[in-house]
Amino acid sequence: MKSMQDIFKSEEPTEEAIKKMLATCDESAEYIKDGMIYCRKCNEPRRKWMSVFGAYVHVTCSCMIAERDRKEAEQKKQDRLARIMEYRNAGFQDRELQKCRFDHDDNKSKKASDMCRNYARRFEDFKKAGKGLILFGGVGTGKTFLASCIANELIDNGVPCLVTNFARIINTLQGMYEGKQNYLDSLNEFDLLVIDDLGIERNTEYVNELVYNIIDARYRSGKPMIITTNLKYSDLHNTDDTSKARIYSRIIEMCLPVLVSGEDRRKTKAQDSRLMDILNV
Ligand SMILES: [Zn+2]
């Protein structure tokens with residue numbers, strides 16, 4: 001006994017159905033041969049008789065599939081580039097810093113450059129651990145440059161980063177009547193927050209309180225932060241100012257020290273040794 005499928009399969013298209021189908025031939029891309037429409041490019045059939053429906057349907061040939069895949073890949077690439085551009089524009093309030101690239105590094109502080117490259121390269125490890133960097137060094141040693149290089153490299157890889165400073169954050173907050181908390185929360189939407197030039201903001205109780213809140217919120221988000229500063233490593237450890245002391249102790253906990261130039265790099269806490277090893281590869 002024939003199965004239902006066999007019965008359907010045996011049903012041939014009528015001459016009228018074939019004629020109707022052949023009339024749909026798109027001559028620019030298809031041709032007709034032996035009562036069937038074929039693709040001009042790959043010579044595969046472009047229609048199929050479906051006895052279940054009693055009609056011909058369009059079928060996708062190999063070159064159409066390849067073209068669709070190519071278009072999808074192209075679209076994905078465009079979307080990715082657009083997203084990266086968005087990240088870069090959102091991430092750098094100072095447009096000049098968008099140009100900072102490891103390729104342009106003069107390697108004057110080679111050790112620090114290598115550590116920063118390693119940080120960018122192994123960002124996933126540091127992100128998981130919630131560990132950032134604090135870049136020490138005098139004025140003009142290239143701390144901002146290196147921190148921006150990290151951000152640019154991560155943005156290339158689709159990681160949202162923000163490069164800013166406390167003075168700018170505080171100015172923005174002071175100009176706001178409402179939505180201050182939303183603004184502060186938005187800082188933690190970035191996978192990496194770079195705060196340039198810690199220590200240049202005004203030293204008032206109000207500013208210190210805000211700086212602590214920003215750093216503490218970052219700490220609680222579990223996401224890493226990179227800080228650059230003209231302060232010395234010893235300044236962070238020995239301060240009589242209690243409001244600064246709690247800011248610095250959080251920073252020391254969250255950021256691995258990188259000396260861009262100047263004093264010796266001090267030993268870090270034992271639990272950071274694995275991550276320090278990655279930086280020092
Ligand atoms: Zn084809």
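1. A closer look at the sheet that holds strand 9 (residues 255-259)
In step 1: Spatial strand order, 6-7-8-5-9: five strands in an open sheet with parallel pairing. Taken across any chain shown, the strands that pair with only one partner, and hence form the sheet edges, are strand 6 (161-164) and strand 9. For this sheet the average axis-to-axis angle between neighbouring strands, irrespective of direction, equals 15 degrees.
In step 2: Relative to strand 7 (residues 192-198), strand 6 is paired through four bridges, and the arrangement is parallel. Its bridge partner being in strand 7, V163 is matched across the sheet by V194.

2. Considerations on unusual backbone geometry
In step 1: The backbone of N43 shows a phi angle near 60 degrees, a positive value even though the residue is not glycine.
In step 2: By the secondary structure assignment, N43 is in the loop between strand 2 (36-39) and strand 3 (47-50).
In step 3: If you check the backbone angles, N107 has positive phi at about 55 degrees while not being a glycine.

3. Some points on the domain arrangement of the protein
In step 1: Taken domain by domain, the protein consists of domain 1 (4-59) and domain 2 (92-279).
In step 2: For domain 1 versus domain 2, the distance between C-alpha centres works out to 65 Å.

4. As for the nonpolar core
In step 1: Core analysis: the largest hydrophobic core is formed by 52 residues, its most contacted members being I150, C161, V194 and V258.
In step 2: Ranked by residues supplied to this core, first place goes to helix 6 (residues 143-156) with eight residues.
In step 3: Filtering out sequence-adjacent residues up to four positions away, V194 remains in contact with A147, A151, C161, L162, V163 and I226.

5. Examining the packing of helix 4 (residues 110-121) against helix 6
In step 1: Contact geometry of helix 4 with helix 6 gives a least axis separation of 9 Å together with a crossing angle of 25 degrees. As far as their axial angle goes, helix 6 and helix 4 are roughly parallel. Here the hand of the crossing between helix 4 and helix 6 comes out right-handed. The segment helix 4 lies against helix 6, with A112, S113, C116, Y119 and A120 engaging L146, C149, I150, E153 and L154.
In step 2: In the contact of helix 4 with helix 6, the residues fall into eight nonpolar, one polar and one charged.

6. Describing the pairing of strand 8 (residues 225-229)
For a regular strand, the rule is simple: side chains alternate between the two faces of the sheet.
In step 1: Here strand 8 lies mainly inside the structure; five of its five residues are buried.
In step 2: Of the two faces of strand 8, the one holding M225, I227 and T229 and the one holding I226 and T228 are both buried throughout.
In step 3: For strand 5 (residues 132-136) and strand 8, the ladder comprises four bridges, and the chain directions are parallel. Along strand 8, the bridge assignment pairs L133 with I226.
In step 4: Bridging between strand 7 and strand 8 involves four bridges; their strand directions are parallel. Residue pairing for strand 8: L198 is matched across the bridge by T229.
In step 5: One crossover worth recording links strand 7 to the parallel strand 8 by way of helix 9 (residues 205-221), and it is right-handed.

7. Side note on the environment of Y31
In step 1: Structurally, Y31 is set in strand 1 (residues 30-33).
In step 2: The partly exposed category is assigned to Y31, around which 14 C-beta atoms lie within 10 Å.
In step 3: Distance in space between the C-alpha atoms of Y31 and P45 is 9.6 Å, their sequence separation being 14 residues.
In step 4: In contact with Y31, other than residues within four places in its own chain, are Y38 and R40.

Definitions and limits used
Counting restarts for each chain: residues are numbered from 1 in the order of the written sequence. The predicted nature of this model means local features are confined to residues of pLDDT at least 70 and side-chain atom pairs, given and counted, to a pLDDT of 80 or more, with totals for whole chains, interfaces and linings taken over all residues. When DSSP finds at least two bridges between two strands, those strands are taken to pair. Think of it this way: any DSSP run of H or I at least four residues long counts as a helix, any run of E at least two long counts as a strand, and we number them from the N terminus. Structural elements are reduced to axes, namely lines fitted to C-alpha atoms, with helices fitted over the stretch in contact, and the angle between N-to-C directions of any two is expressed from 0 to 180 degrees. An automatic or database domain assignment provides the domain bounds reported here. When buried Ala, Val, Leu, Ile, Met, Phe, Trp, Tyr and Cys residues are joined through C-beta atoms within 7 Å, the set is termed a nonpolar core. Backbone-placed C-beta atoms define the burial measure: a residue is buried with 20 or more other C-beta atoms within 10 Å of its own, exposed with 12 or fewer, and partly exposed in between. Remark: residues whose backbone-derived C-beta atoms lie within 7 Å of one another are considered to be in contact. If an angle is under 35 degrees, it is roughly parallel; if it is over 145, roughly antiparallel; if it lies from 65 to 115, roughly perpendicular; otherwise it is oblique. Should the near helix be turned anticlockwise from the far one by less than a right angle, the crossing is termed left-handed; should it be turned clockwise, right-handed. Any residue that is not Ala, Val, Leu, Ile, Met, Phe, Trp, Tyr, Cys, Pro, Asp, Glu, Lys or Arg is counted as polar, Gly included; the first ten are nonpolar and the last four charged. For the handedness criterion, the strands are oriented away from the viewer, and a crossover whose path from the first strand over the helix to the second runs clockwise is classed as right-handed.

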